[in-house]
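Working through the structure, step by step
Here are the chains, one letter per residue:
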Amino acid sequence: MLEVYDDAYYMRQALVQARLAAAMGEIPVGAVVVSNGRIIARGHNETERLSDVTAHAEIIALTAAANHLGDKYLHGCTLYVTLEPCPMCAGALAWAQAARIVYGASDDKRGFMRFGRELLHPKTKLEFGILHDECAELMTGFFQNRR
């Protein structure tokens, strides 16, 4: 059964991860995975540090959550991520069968919703806009500082 969580609290924890990414010069995306009301995994973008295009916050958090659970499926788990997942991450989330995905800011250029919700597992619940302004401002500020 899917539990109801304090979405703003968990999104703030994802924002902490996003700020860690920004401090490392990474695109500031952060993610946490919650199971039974507890954060079981955290991740932030590490593509530059690892020289790995797949080292997105969601992938790192999914891998850590699977290791924690000892299972490749994230049944009953919620992923909180500061930015709408890309198609690659949406595919990984579909395979992991995450029960719920909550994202803060939309990604009009590279977000999976450009291709439709069908990229996710059919039973996955999707919510967005939690702390939207904070998540969007972090991304906007990061790219303004790089220009």
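Criteria and cut-off values
Residues numbered from 1 in each chain as written. Predicted model: local features only at pLDDT ≥ 70, side-chain atom pairs only at ≥ 80, totals over all residues. Heavy atoms only, no water. Helix = DSSP H or I, 4+ residues; strand = E, 2+ residues; numbered from the N terminus. Rg over C-alpha atoms; globule rule 2.2 N^0.38 Å. Buried < 20%, exposed > 50% of the residue type's maximum accessible area, 1.4 Å probe, protein only. Contact = heavy atoms within 4.5 Å. Areas by Shrake-Rupley, 256 points an atom, 1.4 Å probe, with all protein chains shown as cover. Lys, Arg positive; Asp, Glu negative; His and termini not counted. Charge placed at Lys NZ, Arg CZ, Asp CG, Glu CD. Expected span 1.5 Å × (residues − 1). Arc of directions from axis to C-beta. Pairing = 2+ DSSP bridges. Axes fitted to C-alpha atoms, helices over the stretch in contact; angles between N-to-C directions. UniProt positions renumbered as here; feature names shortened; annotations may be inferred.

This part takes up the overall build of the protein. A tally of regular secondary structure across the protein gives five helices and five strands. Relative to a compact globule of 147 residues, whose C-alpha radius of gyration would be 15 Å, the protein shows 14 Å and is just as compact. Along the longest, intermediate and shortest principal axes, the C-alpha atoms of the protein span 45 × 30 × 25 Å. Residues counted as buried form 48% of the 147 residues belonging to the protein. Of all intrachain contacts in the protein linking residues separated by at least 6 positions in sequence, the fraction that spans at least 24 positions is 60%. For the protein, the computed accessible surface area is about 7,800 Å², with 52% contributed by carbon and sulfur atoms. Positive and negative side-chain charges in the protein, numbering 15 and 17 respectively, have mean positions lying 2 Å apart.

The end-to-end C-alpha distance of helix α5 (residues 132-146) is 22 Å, a good match for the 21 Å that 15 residues give at a rise of 1.5 Å each. The complete set of buried residues in α5 reads C135, L138, M139 and F142. End-on, the buried residues of α5 take up no more than an arc of 90°, which puts them together on one face. With respect to the buried face of α5, the exposed residues turned more than 90 degrees away are D133, E137, Q144 and N145. Close packing links the buried residues of α5 with α1 (7-23), β3 (78-83) and β4 (100-105).

This next bit is on the sheet that holds β4. Taken together, the five strands give an open sheet; going across it, the order is β2-β1-β3-β4-β5, and neighbouring strands pair in mixed fashion. At either margin of the open sheet sits one strand with a lone partner, and together these are β2 (38-44) and β5 (125-128). On average, adjacent strands in this sheet sit at an angle of 15° to one another, irrespective of strand direction. Here four bridges tie β4 to β5, and the two strands are oriented parallel to one another. Counterpart to Y103 in the pairing with β5 is F128.

Another aspect to go through is the UniProt feature "binding site: Zn(2+)" (unreviewed entry) in the protein. Taking the numbering used here, the UniProt-annotated feature "binding site: Zn(2+)" (unreviewed entry) corresponds to H56, C86 and C89. Maximum C-alpha separation among the annotated residues is 9.2 Å over a sequence range of 34 residues, consistent with a single clustered spot. Residues contacting H56, with those up to four places away along its chain left out, are N45, T47, C86, M88 and C89. As for its placement among the helices and strands, C86 is situated in the loop between β3 and α4 (87-96).

Turning our eyes to something else, we now look at α4. Looking at α4, one finds that the buried residues are C89, A90, L93, A94 and A96. For α4, the arc enclosing every buried residue in end-on projection is 165°, short of the 170-degree limit, so these residues lie on one face. Buried positions along α4 lie against α3 (57-69), β3 and β4. One or two residues past the end of α4 sits Q97, with phi positive at roughly 60°.

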